[in-house]
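Okay, here's what each chain looks like letter by letter:
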Amino acid sequence: MLYLFTWNNEYLVKEELKKWKKHFLSKFGDFNILHIQNIDELDKNFLSENLLASSFFSDKKLIIIENIEKIEKDESKKEFLISILEKIPEWNIIVFSSVSLPEKSLFYKKIQEFWEIKRYDIKNTYETKLFLQKKYNSMIDDKAIERIISFKSNSLSKIINELDKLFITKDFIRENDIIENIVPELEETIFVFVDKILNKDKKWVFTDLNIILENIDIYAFYNMFIWNLRNTVYIMFFKYLWYKKDHIVNELSLWNRWFLVDKKYKISFDELFELYKRFIDFDKNMKFWKLIWSSGEDLKFELQKILTII
């Protein structure tokens, strides 16, 4: 029996692996479990011996291989593993896990063809909020949940890690506890900033830029800002061509950012493309040393100048 635990939520995947491992241990003992986290460090002989051989101590064996996407880097090992999938005896339970294995990859398609794929995902921030409400019951208020979801970019693993640390010293968590003790992700800070640009929120764009750059190196901010803007250009272009949502998500490897495809903005595609083109021209000039300045303040001024067109 072979399974793939996948999709966009690392926390849910890991929790499910823990449940399977605990259940198997209670029935068959730890001699019958092999847990592999770095398949890229193992050779073909090791894989063959463990995946195809039966257990000496039981009629069942559980083999967990995490981060199976690592095998994509080694064509020879990937082809070998694919070649033995159908030879795995039914008494060996093989569980692969990954939150970044592309659906269009040969390995994914091969498992889908013969075995079972279990998808673990949370579709949006609302589902994350429901999950946290259920997990922590009445130990955290709704505004605190909404705040930490925003701070940690809807990453359930990061959210739970931060909340569990707070619960060491607190019996109940309020929104102010999140604001005072948890640092927002750089990615989330920039994501909100880009969102305001796309909604042509001129009132706050320049104020927010000043606040962000008080705590973040401007060059780190600039690179991530361009990356986020480029993603939005691609998404809007695909939508302009009437591509379906699943195709856009897979083609751009959006994964837990899939909800971006559903977002609507005040900026038109033509306006966005013109803005992006100006940044690309500026970026090219900067990287080819065609600008006479070199300070962070000069870079900030150039960014502000380009943003005035929104």
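Residues numbered from 1 in each chain as written. Predicted model: local features only at pLDDT ≥ 70, side-chain atom pairs only at ≥ 80, totals over all residues. Heavy atoms only, no water.

Undergrad: So what exactly am I meant to see when it comes to the sheet that holds strand β3 (residues 61-65) here?
TA: Note: strands within a sheet are paired through backbone hydrogen bonds, in either parallel or antiparallel orientation. Strand order in the open sheet formed by five strands is β2-β3-β4-β1-β5, and the pairing between neighbours is parallel. The open sheet has two free edges, formed respectively by β2 (33-36) and β5 (116-119), since each of these has just one partner strand. On average, each strand axis in the sheet is tilted by 15 degrees relative to the strand beside it, whichever way the strands run. Bridge count between strand β1 (residues 2-6) and β5: four bridges; the pairing is parallel. Residue pairing in the sheet places Tyr 3 in a bridge with Glu 116 of β5. (Pairing = 2+ DSSP bridges. Helix = DSSP H or I, 4+ residues; strand = E, 2+ residues; numbered from the N terminus. Axes fitted to C-alpha atoms, helices over the stretch in contact; angles between N-to-C directions.)

Undergrad: I keep staring at the environment of Ser 98 and nothing clicks. Help me out?
TA: Mapped onto the elements, Ser 98 comes out in the loop between β4 (92-97) and α4 (106-114). Along the primary structure Ser 98 and Ile 68 are separated by 30 residues, whereas in three dimensions their C-alpha atoms are 5.7 Å apart. Setting aside chain neighbours within four positions, we find Ser 98 in contact with Leu 4, Phe 5, Thr 6, Trp 7, Ile 68 and Glu 69. Side-chain polar atoms of Ser 98 contact the side chain of Glu 69, separated by 2.7 Å. For Ser 98, the side chain forms a polar contact with the main-chain nitrogen of Leu 101, separated by 2.9 Å. (Contact = heavy atoms within 4.5 Å. Polar contact = N/O pair within 3.5 Å; in protein donor to acceptor, adjacent residues only side chain to side chain.)

Undergrad: Hey, could you run me through the pattern of salt bridges in this one?
TA: Here the idea is simple: oppositely charged side chains can pair when their charged atoms come close. A full pass over the atoms with the stated rule returns 18 salt bridges. Its salt-bridge partner being Glu 175, residue Arg 147 comes within 2.8 Å of it at the nearest N-O pair. Of the two residues, Arg 147 sits in helix α6 (residues 142-151) while Glu 175 sits in helix α8 (residues 175-181), which places them 28 residues apart along the sequence. Arg 147 gets classed as partly exposed once you look at its relative accessible area, which sits at 31%. Between Lys 165 and Glu 162 there is a salt bridge, with its nearest N and O atoms 3.7 Å apart. (Salt bridge = Lys/Arg side-chain N within 4 Å of Asp/Glu carboxyl O. Buried < 20%, exposed > 50% of the residue type's maximum accessible area, 1.4 Å probe, protein only.)

Undergrad: What's the story with the packing of helix α11 (residues 218-240) against helix α13 (residues 269-287) in this structure? I'm lost.
TA: Two quantities define a packed helix pair, namely the angle between the helix axes and the distance between the axes. Where α11 contacts α13, the axes come no closer than 10 Å and their chain directions differ by 145 degrees. The crossing of α11 and α13 is left-handed. Residues Tyr 222, Phe 225, Ile 226, Leu 229, Arg 230, Thr 232, Val 233, Met 236 and Phe 237 of α11 lie in contact with α13, whose contacting residues are Phe 269, Leu 272, Phe 273, Tyr 276, Phe 279, Phe 282, Asp 283 and Met 286. Class assignment for the residues of the contact of α11 with α13 results in 14 nonpolar, one polar and two charged. (Left-handed = near helix turned anticlockwise from the far one by under 90°. Nonpolar A, V, L, I, M, F, W, Y, C, P; charged D, E, K, R; others polar.)

Undergrad: How do you make sense of the nonpolar core when you look at a structure like this?
TA: The nonpolar side chains of a soluble globular protein tend to be buried with one another. The biggest cluster of nonpolar side chains holds 43 residues, and the ones touching the most others in it are Phe 193, Ile 197, Phe 221, Tyr 222, Phe 225, Leu 229 and Phe 279. At 10 residues, α11 tops the list of elements feeding residues into this core. Residues contacting Phe 193, with those up to four places away along its chain left out, are Val 205, Asp 208, Leu 209, Ile 212, Phe 221, Phe 225 and Leu 307. Within the second largest apolar cluster, 31 residues are counted, among which are Val 13, Leu 132, Ile 140 and Phe 151. (Core = buried A, V, L, I, M, F, W, Y, C linked by side-chain atoms within 4.5 Å.)

Undergrad: Looking at this model, I keep getting lost on the packing of helix α2 (residues 44-52) against helix α3 (residues 75-84). Mind explaining?
TA: Running from amino to carboxyl end, α2 crosses α3 at an angle of 20 degrees, the nearest separation of the two axes being 11 Å. Regarding the angle of α2 to α3, the classification is roughly parallel. As for how α2 packs across α3, the hand of that crossing is right-handed. Packed against α2, whose contacting residues are Lys 44, Leu 47, Ser 48, Leu 51 and Leu 52, the element α3 presents Ser 76, Lys 77, Phe 80, Leu 81 and Ile 84 at the interface. Class assignment of the residues belonging to the contact of α2 with α3 gives a composition of six nonpolar, two polar and two charged. (Parallel < 35°, antiparallel > 145°, perpendicular 65-115°, else oblique.)

Undergrad: I keep staring at the packing of aromatic side chains and nothing clicks. Help me out?
TA: Here a ring pair, both rings aromatic, is described through the centre-centre distance and the interplanar angle of the planes. Per the counting criterion, the structure on display carries 16 aromatic pairs. Between Tyr 3 and Trp 20 the ring centres are 5.0 Å apart and the planes differ by 75 degrees, which places this aromatic pair in the edge-to-face class. Taken together, the positions of Tyr 3 in strand β1 and Trp 20 in helix α1 (residues 10-28) put the pair 17 residues apart, joining distant regions of the chain. Taking the relative accessible area as the measure of exposure, Tyr 3 reaches 13% and is therefore buried. One Lys or Arg, Lys 135, reaches over the ring of Tyr 136 and ends 5.5 Å from the middle of that ring. (Phe/Tyr/Trp six-rings, centres within 6.5 Å; stacked < 30°, edge-to-face > 60°. Lys NZ or Arg CZ within 6 Å of the ring centre and 35° of its normal.)

Undergrad: How should I be thinking about the side chain of Lys 129 in this particular structure?
TA: Structurally, Lys 129 can be placed in helix α5 (residues 125-136). Polar contacts involving the side chain of Lys 129 include one to the side chain of Glu 146, which spans 2.6 Å. Here Lys 129 is in contact with Asp 142, Ile 145, Glu 146 and Ile 149, once residues within four sequence places are set aside.

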